[in-house]
Amino acid sequence: MRLTIPGALRALRLRTAPRDRARPTRRHNDDWLQRWMHTTADLANLQYSHRMVDAVIDEIDGRQIRIGDRWLTDFASCNYLGLDLDPEIIAAVPEYLDRWGTHPSWSRLLGSPVLYEELEQRMTELLGAEDTLLLPTVTLIHLSVLPILAGGGTLFLDSRAHKTIYDGCSLSVARGATVKRFRHNDLDQLDALLGDSWRRPGVICTDGINSMTGNAPELRRLADLARRHDALLYVDDAHGFGVIGERSGDERCNYGARGNSIVRHFGESYDNIILVGGLSKSYSSLLAFVACPTAIKHVLKTAAPPYLYSGPSPIASLATVREGLRVNAQRGELLRERIFEMTARVLARLDELGMATPNRSGFPIVEIPLPDPDRVDEIGDLLFDRGIYVTMAVYPLVPRHQVGFRVQITAANTDAEIDHLNRVLGEAAERFDLRSSPAAAAFVRSR
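Structure report, in brief. In this text the structure is predicted, and so the values were computed from the model without any measurement. (Residues numbered from 1 in each chain as written. Predicted model: local features only at pLDDT ≥ 70, side-chain atom pairs only at ≥ 80, totals over all residues. Heavy atoms only, no water.)

## Some details on the overall build of the protein
So, step 1. Of the regular secondary structure elements, the protein holds 16 helices and 14 strands.
So, step 2. By the burial criterion, 53% of the 447 residues in the protein qualify as buried.
So, step 3. Residue pairs at least 24 apart in sequence account for 73% of intrachain contacts in the protein once pairs closer than 6 positions are excluded.
So, step 4. Just so you have it, the protein exposes about 19,800 Å², and 51% of that area is on carbon and sulfur atoms. (Helix = DSSP H or I, 4+ residues; strand = E, 2+ residues; numbered from the N terminus. Buried < 20%, exposed > 50% of the residue type's maximum accessible area, 1.4 Å probe, protein only. Contact = heavy atoms within 4.5 Å. Areas by Shrake-Rupley, 256 points an atom, 1.4 Å probe, with all protein chains shown as cover.)

## A short note on unusual backbone geometry
So, step 1. R200 connects to P201 through a cis peptide bond whose omega is 10°.
So, step 2. In the Ramachandran plot, N272 falls in the positive-phi region, its phi being about 65° despite a non-glycine side chain.
So, step 3. Along the chain, the position of N272 falls in the loop between α10 (261-265) and β9 (273-278).
So, step 4. Of note, the phi angle at D433 is positive, near 50°, even though the residue is not glycine.
So, step 5. Looking at the secondary structure, you find D433 in the loop between α15 (415-432) and α16 (438-446).
So, step 6. Given the relative accessible area of 53%, D433 is considered exposed.

## A short note on the sheet that holds strand β11 (residues 365-369)
So, step 1. Judged by pairing direction, the sheet is antiparallel, and its three strands sit side by side in the order β11-β14-β13 without closing on themselves. A single partner strand is all that each edge strand has here, and the edge strands are β11 and β13 (391-393). Going from strand to strand, the sheet's axes swing by 25° on average, the running direction of each strand aside.
So, step 2. Alignment of β13 against strand β14 (residues 404-408), held across three bridges, turns out to be antiparallel. Bridge pairing in β14 places M392 opposite F405. (Pairing = 2+ DSSP bridges. Axes fitted to C-alpha atoms, helices over the stretch in contact; angles between N-to-C directions.)

## Here we look at the sheet that holds strand β1 (residues 59-61)
So, step 1. The strand order across the open sheet formed by four strands is β1-β2-β3-β12, and the pairing between neighbours is mixed. The open sheet is flanked by β1 and β12 (388-389), the only strands paired with a single partner.
So, step 2. Where β1 and strand β2 (residues 64-67) come together, three bridges link them in antiparallel fashion. Bridge assignment links I60 to a residue of β2, and that residue is I65.

## A look at helix α14 (residues 376-385)
So, step 1. Here α14 lies mainly inside the structure; seven of its 10 residues are buried.
So, step 2. Listed in full, the buried residues belonging to α14 are V376, D377, I379, G380, L382, L383 and F384.
So, step 3. Looking one or two residues past α14, G387 carries a phi angle of roughly 85°, positive in sign.

## Digging into the packing of helix α5 (residues 114-127) against helix α13 (residues 315-353)
So, step 1. Viewed as axis vectors pointing N to C, α5 and α13 meet at an angle of 35°, and their least axial separation amounts to 11 Å. α13 is crossed by α5, and the crossing has left-handed handedness. Packed against α5, whose contacting residues are L115, Y116, E118, L119, R122, M123 and L126, the element α13 presents I315, L318, V321, R322, L325, R326 and N328 at the interface.
So, step 2. Of the residues assigned to the contact of α5 with α13, the class counts are nine nonpolar, one polar and four charged. (Left-handed = near helix turned anticlockwise from the far one by under 90°. Nonpolar A, V, L, I, M, F, W, Y, C, P; charged D, E, K, R; others polar.)

And the structure:
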């Protein structure tokens, strides 16, 4: 039975009510809480009603996961290169723990294990950037770096940028910046905004590989606009780093080589570009990076709170990135080729079934919108019952008219698991009439 938001709130209040009934369970003036719960009602309802949201994973076996007494194939993982399960990397971690312990408890301003310096040098070389700063997460980077870059100037925000970029922009506004939004990928509108009057400095904020569609922005044109209007282009390539990379004559697939992210993939320089990415996905570690000029790196060391105050990443995360970079150099191209081939099989199946997806890139994020968003619970139940675990995409994770589910493919998935997924997609297409409905087709065209 679905638990509604008011019911959920009442249940929460009952669970947390103090024994002394003279004390209120919460403040009387909590209208903000009701507004927030209304905004996230769809997601919260799904959390209380669906087995594929806020699930407890009891056990894993490769890309098989056990939830309670049921085993499912995991197509919600972002560990694209499969390094979370790589035996070489797992075996290497204990030596780092023996040397450094489990966690360096200094903030980075006080001191960093030499592993940080080594990793920043290696990341700088891989990315082809001027310099690199490592911080714990992409979310912390957005919240701390964007207000510094913007100052009292102007942020130009892609309307479909990741929610954490929005949060960084909101904090920037609190510090005196102004935000101007432009329609997703509408660079003519962005050009017009940049040509108008605005307070400097300026920062254009966008995703690299989009976390729902798997598509890339027009990076070359974005970079040109930033340079012509003397603004910075701030790109969050959390999903692209590790998968796409520089183009070369001997690349094994259309993702390019080395997995060194979107700037190199499009053959761009870092002039006027700040690249942000995470190592939590392809490299399966609690770590993220800012690729930037050395002068900006020095400023961030004394101005960005995660460098000054936050606990740093644990030693195991530093170790898995260090070893992951070695594995990437040795056999990363084989892993990327494997992901490309499996993703192509899923996209070919969708095409065969006439199912719409906005994915035009072949990147291993395959979003499938539903013609009737109110049936998201039902299709989630079908997938779960058939042993398929995916990411359920509901508002506010996506706009209301783009509700559906997202499939992610990793190098650790098997051919048999892809076969199983394709069979279940056929059943879903039949039962839920997913064969290119007008709403889904219009959504895809808009992307």
